Amino acid sequence: MKFNTKTIHGGQQHDPSTGAVMPPIYQTSTYAQSSPGKHKGYIYSRAANPTRTALENAFAAIENGTHGFAFSSGLSAIDCVLKMLNPGDEVIAGDDLYGGTYRMFTRMFSKYGLKFHLVDMNSIENVTNSISDKTKLIWVETPTNPLMKIADIEEITKAVKAVNPAILVAVDNTFATPYLQQPLSLGVDIVMHSATKYLGGHSDLLMGALMVNDAKLAEELHFIQFAGGAIAGPMDSFLALRGVKTLHIRMQRHCENGRAVAAYLQNHPKVKEVYYPGLENHPNHEVAKKQMKDFGGMVSFKLKDESQQAAFTFLENTHVFTLAESLGGVESLVNHPATMTHASIPEPERLKIGITDSLIRLSVGIEDIEDLLKDLEQALNI
Ligand SMILES: *Cc1c(COP(=O)(O)O)cnc(C)c1O
């Protein structure tokens, strides 16, 4: 199956008992047994629930995986991956991570003896030079949140596996989605999503996803998901599955609108810099062109007036763009990373990587582009 067909049909079956085209919301915690151990494949919903199974099969299909796992949030999916490691193990990750990922690495798992090396993944040597015999996991985010840096997934994976094939490579594919890039097909071991964002697509749920194409890895992750318990519920699973079915057409429009917004901002006299991998002057444009089908709907930019007040004036005056955390829904959102999504990163770290007070992040939705540009224009001119 090709991608657009997979988002709708991948891993799906009509409900065997009624023929229902969409899986029912199996709002149940447990399942009747006819004799101890005699059941129909479902025992207790922490282990598996049919609505979640349908979604997990869809998750696997869209990322070219064999197994998918649905969690209660994106962070609980990352938590599951890290729990495969042992005290003393080392992780190499990008230096421009989602704020919550950074917080989990530095403030939760450091405490349990994991060591994190945060490096600029623009350079593959930065990654390979940090590998030691304790390195167990490489954590890649591309494009990064919020600076839209691009890491070369295939080259990083090749370089890491050449040093030690046992080191796992994981990609947080939240920003790109499998519509734009499919990391498992580039040699990566684990794909992670905050399905809260584009996969769900409607800002109506929190969810995380993991996808793999290795049975042993799948078994390990399922054990941690089951034993740790951070599973997605049946109602959210139903909503996320409904979202996945339109991922391809939503993404097509997000990309079109994202490109138009980036081009508009780049020519605006009040804008200092635009961060969008589709722009030819983006430092990693060539890598983005190679590994991504298009460039997505996330656009960051800095105002020429670098005061926090100038950014706040803009943020207070958009009407179609809603000021809110999160991204990837059908509606356009605007966000101030320094004080909102990335406030958990200490200021010196933030400034070092470029998350200044003048940085604004847009999640460009799928509204009419004329209305989006008009909204930006009026807010920039206040
Ligand atoms: C939102 C986000 C997460 C965390 O996901 P939650 O669903 O909010 O727990 C992780 N990575 C990226 C890139 C995100 O945007």
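Residues numbered from 1 in each chain as written. Predicted model: local features only at pLDDT ≥ 70, side-chain atom pairs only at ≥ 80, totals over all residues. Heavy atoms only, no water.

Chemist: Go over the sheet that holds strand S8 (residues 271-275) with me, naming the residues and quoting the values.
Modeler: As summarised here, the arrangement of the five strands in space is S8-S9-S12-S11-S10, forming an open sheet in which the pairing is mixed. Of all the strands in the sheet, the pair left with one neighbour each is S8 and strand S10 (322-323). With three bridges connecting them, strand S11 (residues 333-335) and strand S12 (residues 359-363) associate as antiparallel partners. Along S12, the bridge assignment pairs Val 334 with Leu 362. (Pairing = 2+ DSSP bridges. Helix = DSSP H or I, 4+ residues; strand = E, 2+ residues; numbered from the N terminus.)

Chemist: Describe the side chain of Gln 225, and please don't skip the residues or the numbers.
Modeler: One can find Gln 225 in helix H8 (residues 215-228). Looking at Gln 225, its side chain comes within polar contact range of the main-chain oxygen of Ala 70, at 2.9 Å. Not counting residues within four places of it along the chain, the set of residues in contact with Gln 225 comprises Arg 52, Glu 56, Phe 69, Ala 70, Phe 71, Cys 80, Ala 230 and Ile 231. (Polar contact = N/O pair within 3.5 Å; in protein donor to acceptor, adjacent residues only side chain to side chain. Contact = heavy atoms within 4.5 Å.)

Chemist: Talk me through the site of the ligand; I want residue IDs and the actual numbers.
Modeler: In the vicinity of the ligand, 15 residues are found, and the nearest of them are Gly 74, Asp 172, Ser 194, Thr 196 and Lys 197. Within the backbone of Gly 74, one N or O atom sits 2.9 Å away from an oxygen atom of the ligand. Lys 197 places a polar side-chain atom, nitrogen or oxygen, 2.8 Å from an oxygen atom of the ligand. Within the complex, the protein chains bury 94% of what would otherwise be the 380 Å² of accessible surface of the ligand. With respect to the detected pockets, the ligand is housed in the largest pocket. Secondary-structure elements contributing two or more residues to the shell around the ligand are helix H3 (74-82) and strand S6 (190-194). When its residues are assigned to classes, the shell around the ligand shows six nonpolar, six polar and three charged. (Near = heavy atom within 4 Å. Areas by Shrake-Rupley, 256 points an atom, 1.4 Å probe, with all protein chains shown as cover. 1 Å grid on protein atoms, 1.4 Å probe; cavity = no way out; pocket = protein on both sides within 12 Å on 5 of 7 lines; lining within 4 Å. Sits in = over half its atoms within 2 Å of the grid points. Nonpolar A, V, L, I, M, F, W, Y, C, P; charged D, E, K, R; others polar.)

Chemist: Kindly report on empty space enclosed by the protein, identifying the contributing residues and their values.
Modeler: A water-sized probe, rolled over the atoms, reveals where empty space remains. Throughout the structure, instances matching the rule amount to one cavity of 30 Å³ or more. Computed from the structure, the largest cavity encloses a volume of approximately 80 Å³. Lining the largest cavity are Gly 94, Asp 95, Asp 96, Val 119, Asp 120, Met 121, Asn 122, Glu 141, Thr 144, Lys 149, Ile 150 and Ala 151. Across the lining of the largest cavity, the residue classes break down as four nonpolar, three polar and five charged. (Points joined across faces, edges and corners; volume = space filled by probe spheres on them.)

Chemist: Provide a residue-level description of the pattern of salt bridges, including the pertinent values.
Modeler: As a working rule, side chains carrying opposite charge can pair if their charged atoms are close by. Applying the stated rule across the entire model yields 13 salt bridges. Between Lys 149 and Asp 120 there is a salt bridge; the shortest N-O distance is 3.8 Å. With Lys 149 in the loop between strand S4 (135-141) and helix H6 (153-163) and Asp 120 in the loop between strand S3 (115-119) and helix H5 (124-128), this residue pair connects regions lying 29 residues apart in the sequence. Residue class for Lys 149 comes out buried when judged on its relative accessible area of 17%. By relative accessible area, Asp 120 is classed as partly exposed at 27%. For Asp 152, the salt bridge is made with Lys 290, and the minimal N-O distance between the two is 2.7 Å. With a gap of 138 residues between them, Asp 152 in the loop between S4 and H6 and Lys 290 in helix H11 (residues 285-291) connect regions that are remote in the sequence. For Lys 290, a relative accessible area of 47% translates into the label partly exposed. (Salt bridge = Lys/Arg side-chain N within 4 Å of Asp/Glu carboxyl O. Buried < 20%, exposed > 50% of the residue type's maximum accessible area, 1.4 Å probe, protein only.)

Chemist: Go over the layout of surface pockets, please, and point to the residues and values.
Modeler: Estimated volume of the largest pocket: approximately 390 Å³. Forming the boundary of the largest pocket are 25 residues, of which Tyr 98, Ser 194, Thr 196, Lys 197 and Ser 326 lie nearest the centre. Contributions of two or more residues to the lining of the largest pocket are made by H3 and S6. The space that makes up the second largest pocket amounts to roughly 330 Å³. Surrounding the second largest pocket, 15 residues form its lining, Gln 13, Asp 15, Pro 16, Tyr 42 and Pro 50 being those nearest its centre. Grouping the constituent residues of the lining of the second largest pocket by class yields seven nonpolar, seven polar and one charged.

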